[in-house]
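A look at the structure
Each chain, letter by letter, is given below.
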Amino acid sequence: MLTETAQPVKTSAQLPLIALMPVALIAMAEVSRLFSINGLAISAIWPVTAWLCACWLNGYRLAFLLQIPALFAWCYGWQDYSVAIAAGVTVSTSTGAWLAASGLNRLTRIPTQGASSVRQLSAFYGLAVLAATALVALGGSLSLILGAPDYQDFLLIDVWLSYWAFEALGMLLFLPLLWPLLASPARFVRQLNADFAPLAMRIWLGLLILLIGSTLSFDLLQNATYASVAMLVYFPLFFWFFLRAAVSSSTLMIAVTVIGLIVCLINGWAGLQAISSVQGLLDTIALAILVTLAAQLVNVMAQERNRLLKHFRRQTVTDSLTRLGNDRALRQQLDALLKKQQHAYLAYFRMMDTGPLTDLFGLDAMHLLEQELGSGLNQQLPANSPCFRLSEGDFAALLISEPHQAEDILTQLRQLHLRLEQQAFAVAERPVRLRLALGLVRIDGQLDDASQYQQAAAQVAYQASQQPRRWQQLDDTAELINQQRSNAKVFNQVRQALRDNRLLLYAQPIQPVQRPAQGLYFEVLLRMAGDDGGVISPGVFLPVAEQSGLMADIDRWVIRHTLLQLQPELVACCSINLSGASLSAPDTLSFIRLSIEQSLVRPQQLRFEITETEQIVDLHAATELVKGLRQLGCSVALDDFGTGLASYAYLKQFAFDCIKIDGQFVRDIRTSAADQAIVSSICQVARQQQLAVVAEFVEDESSIQLLSDLGVDFLQGYAIGHPQPLTPWLAGAY
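Predicted, not measured: the structure shown is a model, and the values here were computed from it.

Counted according to the given criterion, the structure contains 17 salt bridges. A salt bridge links Glu-609 to Lys-660, with the nearest nitrogen and oxygen atoms 2.8 Å apart. Remark: Lys-660 occurs in strand E14 (residues 658-661) and Glu-609 occurs in strand E12 (residues 606-611); sequence separation between them is 51 residues. Take Glu-609: its relative accessible area is 1%, and that puts it in the buried class. Residue classification places Lys-660 among the buried positions, given a relative accessible area of 1%. Several salt bridges converge on common partners, so that one network encompasses Glu-523, Glu-609, Lys-660 and Glu-696.

What follows is the structure, encoded as structure tokens:
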């Protein structure tokens, strides 16, 4: 209802307006005489005190002083008051207005963080409506009783209370309206236009005009009952308005409504009984005060509700840690850009070391780091580039620009990425350099909605994390769309293949180097039957299965169906691959044990291969699984040895029986001295650990003897045998 701070004293630039203010005061005082009963010099509507108070509050101090003689002139010249009465009314009115304004100014200067409008309204009632108007009424009452013979027969208390009621109503109605109006008339009008711009508000205004016309027409038709009933509709109508309108519009409608009610009461319109006495006028003033108080309280509560809703809406799109926008805010702005078809890029920043840094420094330190990173991004991003925090360690930015500015924007972004990676962030009082993966996607309108662009940017950021420069840009999302559609198709094929047993088991033979094979050594490989009857390579469907969480189901299908197809009397060692998902699953060992018990295969005939490059989520669970498999009687091999940083560390952490050298060290071993040295060192470590060694990708006969000389125990590759369907291969071997 009230403004937050006092306005500064106005300067000479407002002199024309200041000169008009005394004229405005006289005009308001004279218009107020229209709201009086015939034969009585008493006005039901008196805005003058509120006008003077609003002038002082808004810094029109010179105008305030100039209006004091104008008020005296109106009282003496227009109202035929004596000099004493005119002086008393003028002094009491101006003094009360000044005291109310000074008190409100002092109150609104108090730093009340988050002060509610209810508190401001209480201050307004206490200072302006009660205290100041009581003083004005006391001075005016004394002047009338002492100077006017017609008032000397009344008690001072009666005159004072009546005078107080008129002043209080005027202050209630007009100060909340005039204060913001004088502060900035243009802003006041803009707010009115904004409030009535929505179609719903214009419909409301039309309904209000229709209701007013209906009320008056019923009265003209001498059907006062319907007029009174029609007036009851005003209350829900105004209540709906207060829930949606701003303070300025609400105060204006409150003033217009109460003035209209008083006009109807004075003239006996709308089925209301006309006022014919001072007591009737006082009853009208009391009713008007009650209506105004109720309307203002409803309006204040509605404003509080709207403020809370606005705060809650802001919270839904704000990240609580960094105060940046969150993923909801990003999607909203992306949707707006897509509707406008505006040129933009979506940049996705991903902290690659969030987990290790959190384990090392703790969650509180990481929160401080993310706040610092978010602040740095927000300050250093190009102009018109809002920044968002999406999740732990993930940030995004929308780079909005014209097409001809795109290259400059992208250059600035690359420079920012480089600066952030070179910057030393303070984490727990230690300097830390971050590895940031940056994925960049052009908003080209080819994806359906904002969530797809966010997902695409996250995917590109993941691709960037696999590259040395940690930067990846995607200008044409059609390629990504095709890839996603292809992945979705493959995903459905894999699920269908699991249900319909359309996965295909192949076997690739493994040959011992030093002794003749007593039974078959081979690795079980996987293919999938295509819809067209062809065979789909594992390189096509296994990555999709891994991303979609189907690997554990595939592993179990392979184990179950392999054990059903094996002929134990032919098998020396059957190698089966286990994915990282199966390594971390707590019930993998019990499933393998049950599957073996339900088959004719002995555990000693099975070897389970763990890929060294496979991501192991739960190292403890994986260690327990390897230990449990060996206790069961199965052997365990470390596949693709040498391709990762943790190769030799894995030999210490896990109890393996065999290691399989990755094919990149075997394929060119005849011509590469480096590969020969690597294979030789691996074999030496294996002998010390009493591990068998298998060389993969043996593709020519000339490599067999060389690998044997270097210490390899088993050979696998095209030179030994191509993968073949498992069941026919076993039948042929028999």
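Let us keep going from here.
Attention now moves to the sheet that holds strand E7 (residues 471-474). Strand order in the open sheet made by the five strands is E2-E3-E1-E6-E7, with mixed pairing throughout. Looking at the sheet topology across the chains shown, the edges are occupied by strand E2 (387-391) and E7. Sheet twist, expressed as the average angle between the axes of neighbouring strands with direction ignored, equals 20 degrees. Of the strand pairs in this sheet, strand E6 (residues 436-442) and E7 are connected by four bridges, and their pairing is parallel.

Bringing the side chain of Thr-588 into the picture now. Mapped onto the elements, Thr-588 comes out in helix H22 (residues 588-597). A polar contact of 2.6 Å, which involves the side chain of Thr-588, links it to the backbone oxygen of Ser-582. Setting aside anything within four residues of it in sequence, one finds Thr-588 in contact with Arg-556, Ser-582 and Leu-625.

The next thing to look at is the environment of Ser-276. Along the chain, the position of Ser-276 falls in the loop between helix H11 (247-267) and helix H12 (278-316). Residue classification places Ser-276 among the exposed residues on the basis of a relative accessible area of 68%. Separated by 171 residues in sequence, Ser-276 and Asn-105 have C-alpha atoms that sit 41 Å apart.

With that out of the way, let us pick up unusual backbone geometry. One non-glycine residue, Asp-80, lies in the positive phi region at around 60 degrees. With respect to the helices, strands and loops of the structure, Asp-80 is situated in the loop between helix H3 (61-78) and helix H4 (83-109).

Our focus in this paragraph is H3. With 18 residues, H3 extends 25 Å between its outermost C-alpha atoms, agreeing within 8% with the 26 Å of an ideal straight helix rising 1.5 Å per residue. Just beyond H3, the residue with positive phi is Asp-80, at close to 60 degrees.

Another point: the packing of aromatic side chains. Going through the model one piece at a time under the given rule, you end up with 15 aromatic pairs. Each ring, one from Tyr-234 and one from Phe-238, has its centre 6.4 Å from the other, and the planes form 15 degrees; the classification is stacked. Residue Tyr-234 and its partner Phe-238 are both found in helix H10 (residues 234-244); the two are separated by four residues, about one turn of the helix. Neither residue differs from the other here; Tyr-234 and Phe-238 are each classed as buried. Residue placement shows Arg-61 over the ring face of Trp-56; its charged tip is 4.3 Å from the ring centre.

Moving on, we get to the nonpolar core. The biggest cluster of nonpolar side chains holds 82 residues, and the ones touching the most others in it are Trp-51, Phe-124, Leu-169, Leu-175, Trp-204, Phe-241 and Ile-262. Examining the composition of this core, we find that 13 residues originate from one element, helix H6 (residues 156-183), more than from any other. With sequence-adjacent residues up to four places away left out, Trp-51 is seen in contact with Met-21, Ala-24, Leu-25, Met-28, Gln-67, Leu-178 and Leu-182. Counting residues in hydrophobic clusters, the runner-up holds 73 residues, among them Val-524, Leu-583, Leu-651 and Ile-659.

Most of E6 sits inside the fold, with six of its seven residues counted as buried. Pairing between strand E1 (residues 344-351) and E6: seven bridges, direction antiparallel. Its bridge partner lying in E6, Met-351 is registered against Leu-436. Between E6 and its parallel partner E7, the chain crosses via helix H17 (residues 450-465), and the hand of that crossover is left-handed.

Time to look at the pairing of E14. Burial along E14 is two-sided: Cys-658 and Lys-660 and Ile-659 and Ile-661, pointing in opposite directions, are all buried. Looking at chain direction, strand E13 (residues 635-641) and E14 are connected through three bridges and run parallel. Note that in E14 the partner of Leu-638 across the bridge is Ile-659. Both E14 and strand E15 (residues 692-695) contribute to a ladder of four bridges, which runs parallel.

Basis of the calculations
- Residues numbered from 1 in each chain as written.
- Predicted model: local features only at pLDDT ≥ 70, side-chain atom pairs only at ≥ 80, totals over all residues.
- Heavy atoms only, no water.
- Salt bridge = Lys/Arg side-chain N within 4 Å of Asp/Glu carboxyl O.
- Helix = DSSP H or I, 4+ residues; strand = E, 2+ residues; numbered from the N terminus.
- Buried < 20%, exposed > 50% of the residue type's maximum accessible area, 1.4 Å probe, protein only.
- Pairing = 2+ DSSP bridges.
- Axes fitted to C-alpha atoms, helices over the stretch in contact; angles between N-to-C directions.
- Polar contact = N/O pair within 3.5 Å; in protein donor to acceptor, adjacent residues only side chain to side chain.
- Contact = heavy atoms within 4.5 Å.
- Expected span 1.5 Å × (residues − 1).
- Phe/Tyr/Trp six-rings, centres within 6.5 Å; stacked < 30°, edge-to-face > 60°.
- Lys NZ or Arg CZ within 6 Å of the ring centre and 35° of its normal.
- Core = buried A, V, L, I, M, F, W, Y, C linked by side-chain atoms within 4.5 Å.
- Right-handed = clockwise from strand over helix to strand, strands pointing away.

Purely geometric numbers; function is a separate question.
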